[in-house]
Amino acid sequence: MFRAECIVTLKRAINDPEGSTIRSALHALGFGQVDDVRAGKFLELTLDVDDRAQAQAMAEAMAAELLANSVIEDYRITLTQIEAPAGAGAT
């Protein structure tokens, strides 16, 4: 089994109003050293496959087809092999 962590963010060329709002709020709280903020989303998927290459391909396909809008967003995926929970796969 693998855990796929997918981080989706707007491409650098795309205006990030949420990031700008967060930056302004941080400045208002006294954190004026913050120069830039880019907001995004974090998705964690558990994949019931044993092969790392297959897990990577699945995660890439899911991100490209559904999790990220390739026109305006970038994504990056990190895979971690995990132990199957006790009783998983038993019928």
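Everything below is about the structure shown above.
Nothing here was measured: the structure is a model prediction, and the numbers come from that model.

Parameters at a glance
- Residues numbered from 1 in each chain as written.
- Predicted model: local features only at pLDDT ≥ 70, side-chain atom pairs only at ≥ 80, totals over all residues.
- Heavy atoms only, no water.
- Pairing = 2+ DSSP bridges.
- Helix = DSSP H or I, 4+ residues; strand = E, 2+ residues; numbered from the N terminus.
- Axes fitted to C-alpha atoms, helices over the stretch in contact; angles between N-to-C directions.
- Salt bridge = Lys/Arg side-chain N within 4 Å of Asp/Glu carboxyl O.
- Buried < 20%, exposed > 50% of the residue type's maximum accessible area, 1.4 Å probe, protein only.
- Polar contact = N/O pair within 3.5 Å; in protein donor to acceptor, adjacent residues only side chain to side chain.
- Contact = heavy atoms within 4.5 Å.

Chemist: Sorry if this is basic, but what is going on with the sheet that holds strand β3 (residues 73-81) here?
Modeler: Spatially, β2-β1-β3 is the arrangement adopted by the three strands of the open sheet, whose pairing is antiparallel. Looking along the sheet, the strands with just one partner apiece sit at the ends: β2 (40-47) and β3. Across this sheet, the average inter-strand angle for adjacent strands is 20°, counted without regard to direction. Of the strand pairs in this sheet, strand β1 (residues 2-10) and β2 are connected by eight bridges, and their pairing is antiparallel. Paired with threonine 9 across the two strands is glycine 40, which belongs to β2.

Chemist: What am I meant to see in the pattern of salt bridges here?
Modeler: For side chains bearing opposite charge, pairing can occur when the charged atoms are close. Enumeration according to the criterion identifies three salt bridges in this entry. Of the charged contacts, one joins glutamate 44 and arginine 3 as a salt bridge, the two residues approaching to 3.7 Å between their closest N and O atoms. In this pair, glutamate 44 sits in strand β2 while arginine 3 sits in strand β1, placing the two residues 41 residues apart along the sequence. Taking relative accessible area as the criterion, glutamate 44 reaches 47% and is therefore assigned partly exposed. What makes arginine 3 partly exposed here is its relative accessible area of 25%.

Chemist: Quick question: what am I supposed to make of the side chain of aspartate 16 here?
Modeler: Looking at the element boundaries, aspartate 16 is found in the loop between β1 and α1 (17-28). Within polar-contact distance, the side chain of aspartate 16 engages the backbone nitrogen of glycine 19 at 2.9 Å. Apart from the residues lying within four places of it in its own chain, the contact partners of aspartate 16 are Leu10, Val37, Arg38 and Ala39.

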